[in-house]
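Residue strings, one per chain:
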Amino acid sequence: SSGINAEYGRHPWFASHGFVSMRLEMRGSGASEGFYYGEYLKKEQSDCKEVLDYITQQLWSNGNVGMYGKSWGGFNGLQMGYILPDDSPLKTAISLYSTDNRYVEDIHYEGGCVIGGGMLFWAARMFAWNARPPPPRYFALREAWLAAWLQRLELSGKSWLTSWLQHQKIDDSYWKQGSIDEDYSRVRIPILAIGALEDGYTNAASRMGRFLNPESRVLVGPWCHDWPDVSTAGPLIDYLSLCLAWFSYHLKGAHAIPEDPCTAWPRFQLFVRNSFKPHDIYNLSKENTDKLGQFVEFDDWISRAHETYRSFDRKIGSESLLIDSMESPDEQDESVKELYFFSSGSNHTLTSDQPPDDSVAESVLVYSHPLQGAYCGVWSPFGQPHGYPGDQAISIANSLTFVSESLNGPLAMVGAGRCLIKLSCNSWARVYISVRVSDVDEDGAAGLLTRCQYDLNTLTPLQMDGDTRFYSLPMNFASHVFLAGHKIAISISPNAYPMMWPSSQPCELHMYPKDSRYLYQTAALDYMSQHTVNFDPPKPLLSIPKVIQEEPNDHDVGVEINQDTQGGVEYVYKDDTGCETLPTLGVTHQEVTREVYKVDREVLKPQASVSKRLTFHFKELPWGKEECVVTTHQSMEGDSEVYRTEEELTVEVGKEIIFKKKWQDVIPRHDL
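Because the structure is a prediction, the values reported are computed rather than measured.

Peer 1: Honestly, the overall build of the protein in this entry has me stumped. Any pointers?
Peer 2: If you tally the helices and strands in the protein, you get 13 helices and 32 strands. Against the globule reference of 26 Å for 672 residues, the protein gives a C-alpha radius of gyration of 25 Å, in line with a compact fold. Dimensions of the protein, computed from the C-alpha atoms along their principal axes, are close to 85 × 65 × 45 Å. Per-residue burial for the protein yields a buried fraction of 57% across its 672 residues. Across the protein, the fraction of contacts at a sequence separation of at least 24, relative to all contacts at a separation of at least 6, is 74%. Here the protein displays about 27,900 Å² of accessible surface, and carbon together with sulfur accounts for 49% of that area. Side-chain charges of the protein comprise 59 positive and 89 negative groups, with the mean position of each set lying 5 Å from the other.

Structure, rendered in structure tokens:
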């Protein structure tokens, strides 16, 4: 039932335009037989190849097949385009919210750091979802249904969390499986890659705009990890007509769409968002859509991106150059701008003009605080209000933060960014760093627009001198216009829990402001106003008949931040789907989730847990009714040496526990 609401409206619409639309349930999931043991396995891909071959053998098929999907389904389209030969029936794929590199950009690691709230959240979701019952209506006998379910629980019921924690390095073959950036040239089919500003996969969409074949196109909108026509962040677009134009051209031929063929679309289309109140983002799909921002076409995105990185390299200088002898900015290059860090006593500011050396403190402490990750949102929000980043004022107040003067006019950060930072540390055994850029309005509310996090030992310093190192830190993709009167804030810290799992290695970290700077890619406001793209609003979709039995409990939805008497912090995320009945499936279901992330005052001893309760009531079965409850609990903690995990799964049918199992694991962290 988890995906049927969206697909119930899409598949009939595609059929009405001459396409056969198929939804596949992977081996070991839903009503499919067999077992599966992780993400993007080779068996998953070989199964997909068999299905493609089956389709071409049907009388209703012209031999041309396209794939589309978001997240996991989006990965599948990219990966099949990567492994299949030129004569494959797969002619194109529309891939939403996917990645070209499973280690660099997925929900497990970022910058070599475990994504605290991301990895555990996703592991917990799949732990519970994989334990759901096979649809009983496909079984004639209750005994056969229970036997199939129990076998699945026994053989593939364990969570994937420990597998992810055991593979901590970027060059691990575990992550290379399913990563298309191993060789972009192998993806010969046209890809329509769609990304979202409120999603975790935005960098990947930008990279694919640079490196995929010339027939591919990229669209990055303002959405979350949900479809572009139903996202809770907007404005929303007519996603179905976009798919229709793409599939008609690539599966039926150019004659099928003589007007505005997708080959004429710009290489890269990007939503550039205006400043907004951070707590309002949940309502941005519904109100004042003309003030939210604009879609802009960048047909020269490849050359623009390459020139930006060449500009970064020129301004950084070669690796052999000392930082104080770096090249000055090229006044002819308008695509890259610089901000300088100024620090004097407790005054930390940003300026577009380089301050005199004698006016800047030699070094300042980059300190840790348990509130530096407050209201950071989740790595890939599915649309829940607490998933979006909230007001960053608390994080800003408890971090080393440099703030600009009020801007005299609008300022655009569009594309890539780099934080060039000189640091010293008393121990480089394991040093983490987080950099966050926020838009501060006249009232002091701060919206997060881009960030980065790194285990610095996974990066090669541009310069090393004793305990001092100089790094170039790539930032996440940005697409934002600051309004006049607003301020730019850049916060730097060794902690951003729960987004970044702590290093748990004490250290004293200092930054050298006069030798550091922030580079960002921009776009001229007049260029963007002259190259806007208009999308039609979404088409109304068929809605599957459903009866809401119980609305989500307000007490079970939202985020709480609690501080203890010793200075530690507890973050609590709560979600409740509510209870609804889907008459066509004969099921009533509900899912309640509680996530808790704790950390001590020194941010050295993190503890995290996720509990889920899934309930199912099945009616009109051959043998009557069934009531099922799946309960899961996962916890993760650690120190500088190990990760410790504990997982428990309980399944009840009626009032009887039919399955209960607990797993405990200790996983060494990579060498200090």
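After that view, the rundown keeps rolling.
Peer 1: What am I meant to see in the pattern of salt bridges here?
Peer 2: When charged atoms on two side chains of opposite charge get close, those side chains can pair. This model, assessed by the stated rule, comprises 29 salt bridges. The residue Lys 49 makes a salt bridge to Asp 53 at a minimum N-O spacing of 3.2 Å. Of this pair, Lys 49 and Asp 53 both sit in helix α2 (residues 42-56), four residues apart, which is roughly one turn of the helix. Take Asp 53: its relative accessible area is 28%, and that puts it in the partly exposed class. The partner of Arg 207 in a salt bridge is Asp 100, with the nearest N and O atoms 2.7 Å apart. You can see Arg 207 sitting in helix α8 (residues 202-211) and its partner Asp 100 sitting in the loop between β2 (90-96) and β3 (109-110), a full 107 residues away along the chain.

Peer 1: Before we go on, may I ask you to explain the environment of Trp 129 in this structure?
Peer 2: Among the structural elements, Trp 129 can be located in helix α4 (residues 116-129). Dropping the residues within four chain positions of it, Trp 129 is found in contact with Glu 591 and Leu 614.

Peer 1: I would appreciate a short explanation of the pairing of strand β5 (residues 191-196) in the present structure.
Peer 2: Sheet faces and side chains relate simply in a regular strand, where the side chains alternate between the two faces. Judged by how many residues are buried, β5 sits mostly within the fold: six of six residues are covered. The alternating pattern of β5 places Ile 191, Ala 193 and Gly 195 on one face and Leu 192, Ile 194 and Ala 196 on the opposite face, and all of these are buried. Across four bridges, the pairing between β2 and β5 is parallel. Note on β5: the bridge partner recorded for Leu 96 is Ile 194. Taken together, the five bridges between β5 and strand β6 (residues 217-221) define a ladder with parallel strand orientation. Paired with Gly 195 across the bridge in β6 is Val 220.

Peer 1: Help me out: how do you make sense of α2 in this one?
Peer 2: Residues spaced three or four apart along an α-helix face the same direction, because each turn holds 3.6 residues. Over its 15 residues, α2 extends 22 Å from the first C-alpha to the last, a length consistent with the 21 Å expected when each residue adds 1.5 Å. All of the buried residues along α2 are Glu 44, Gln 45, Asp 47, Cys 48, Leu 52 and Ile 55. Seen end-on, α2 carries its buried residues on one side only, within an arc spanning 155 degrees. Seen from the buried face of α2, the exposed residues on the opposite side, beyond 90 degrees, are Lys 42 and Glu 50. At its buried positions, α2 is contacted by β1 (65-70), α3 (72-83) and β2.

Peer 1: Hey, could you run me through the pairing of strand β30 (residues 624-638) in this one?
Peer 2: Sheet analysis places strand β29 (residues 607-621) next to β30, joined by 13 bridges and oriented antiparallel. Residue Gln 607 lies in a different strand from β30, and its bridge partner there is Glu 637. Between β29 and β30, which follow one another and run antiparallel, lie two residues. The pairing of β30 with strand β31 (residues 642-653) spans eleven bridges and is antiparallel.

Peer 1: Looking at this structure, how should I read the packing of aromatic side chains?
Peer 2: Here the distance between the centres and the angle between the planes together describe a pair of aromatic rings. Considering all chains together, one arrives at 37 aromatic pairs under this definition. Ring geometry for Phe 298 against Tyr 527: centres 5.6 Å apart, planes inclined by 25 degrees, an arrangement best described as stacked. In this pair, Phe 298 sits in strand β8 (residues 293-298) while Tyr 527 sits in helix α13 (residues 525-530), placing the two residues 229 residues apart along the sequence. Judged by its relative accessible area of 0%, Phe 298 is buried. One cation-aromatic arrangement involves Arg 125 over Phe 382; the distance from NZ or CZ to the ring centre is 4.5 Å.

Peer 1: For this particular structure, what's the right way to read the state of the cysteines?
Peer 2: What we call a disulfide is simply a covalent bond connecting the sulfur atoms of a pair of cysteines. Considering all chains together, one arrives at zero disulfides under this definition. With no disulfide of its own, Cys 452 has Cys 419 as its nearest cysteine by sulfur position, at a separation of 6.6 Å. In this model Cys 628 remains outside any disulfide bridge; the closest cysteine sulfur is found in Cys 579, 14 Å from its own.

Peer 1: Sorry, what's going on with unusual backbone geometry here?
Peer 2: Glycine aside, a negative phi is what most residues show, and trans is what most peptide bonds show. A cis geometry characterises the amide bond from Gly 234 onward to Pro 235, with omega recorded as 20 degrees. In this structure, the amide linkage connecting Tyr 497 to the following residue, Pro 498, adopts the cis form with an omega of 15 degrees. Of note in the backbone geometry, Ser 71 takes a positive phi value of approximately 60 degrees without being a glycine. Within the secondary structure layout, Ser 71 lies in the loop between β1 and α3. Judged by its relative accessible area of 12%, Ser 71 is buried. We note that Ser 504 has phi near 60 degrees; this positive angle belongs to a residue other than glycine. Mapped onto the elements of the fold, Ser 504 is located in the loop between β20 (487-493) and β21 (509-511).

Peer 1: I tried to follow the nonpolar core on my own but got confused; where do I start?
Peer 2: A general feature of soluble globular proteins is that nonpolar side chains tend to end up buried together. Of all hydrophobic cores here, the largest spans 106 residues; its most connected members are Ile 94, Leu 165, Ile 194, Leu 270, Phe 298, Met 528 and Tyr 597. It is helix α9 (residues 239-252) that contributes the most residues to this core, nine residues altogether. Membership of the second largest hydrophobic core comes to 35 residues, among which are Phe 341, Val 366, Leu 449 and Tyr 454.

Peer 1: Sorry if this is basic, but what is going on with the packing of helix α1 (residues 4-15) against α9 here?
Peer 2: To characterise two packed helices, one gives the angle between the axes of the helices and the distance between these axes. Between α1 and α9, the shortest axis-to-axis distance is 11 Å and the interhelical angle comes to 40 degrees. Considered as vectors, α1 and α9 are oriented oblique to each other. Considering only the axes of α1 and α9, their crossing is right-handed. Only Tyr 239, Leu 240, Ser 241, Cys 243 and Leu 244 of α9 make contact with α1, whose side of the interface consists of Arg 10, Trp 13 and Phe 14.

Peer 1: So what exactly am I meant to see when it comes to the confidence of the model for the protein here?
Peer 2: A residue-level look at the protein finds 90% of positions with pLDDT of 70 or above and a mean pLDDT of 89. The secondary-structure element of the protein with the lowest mean pLDDT is helix α11 (residues 301-316), recorded at 66, while β20 shows the highest, at 98. Low pLDDT (under 50) marks residues 318-332, which in the prediction has 19 contacts with non-local residues, meaning those over four places away or in another chain.

Cut-off values and rules
- Residues numbered from 1 in each chain as written.
- Predicted model: local features only at pLDDT ≥ 70, side-chain atom pairs only at ≥ 80, totals over all residues.
- Heavy atoms only, no water.
- Helix = DSSP H or I, 4+ residues; strand = E, 2+ residues; numbered from the N terminus.
- Rg over C-alpha atoms; globule rule 2.2 N^0.38 Å.
- Buried < 20%, exposed > 50% of the residue type's maximum accessible area, 1.4 Å probe, protein only.
- Contact = heavy atoms within 4.5 Å.
- Areas by Shrake-Rupley, 256 points an atom, 1.4 Å probe, with all protein chains shown as cover.
- Lys, Arg positive; Asp, Glu negative; His and termini not counted.
- Charge placed at Lys NZ, Arg CZ, Asp CG, Glu CD.
- Salt bridge = Lys/Arg side-chain N within 4 Å of Asp/Glu carboxyl O.
- Pairing = 2+ DSSP bridges.
- Expected span 1.5 Å × (residues − 1).
- Arc of directions from axis to C-beta.
- Phe/Tyr/Trp six-rings, centres within 6.5 Å; stacked < 30°, edge-to-face > 60°.
- Lys NZ or Arg CZ within 6 Å of the ring centre and 35° of its normal.
- Disulfide = S-S within 2.5 Å.
- Core = buried A, V, L, I, M, F, W, Y, C linked by side-chain atoms within 4.5 Å.
- Axes fitted to C-alpha atoms, helices over the stretch in contact; angles between N-to-C directions.
- Parallel < 35°, antiparallel > 145°, perpendicular 65-115°, else oblique.
- Left-handed = near helix turned anticlockwise from the far one by under 90°.
- pLDDT = per-residue confidence, 0-100.

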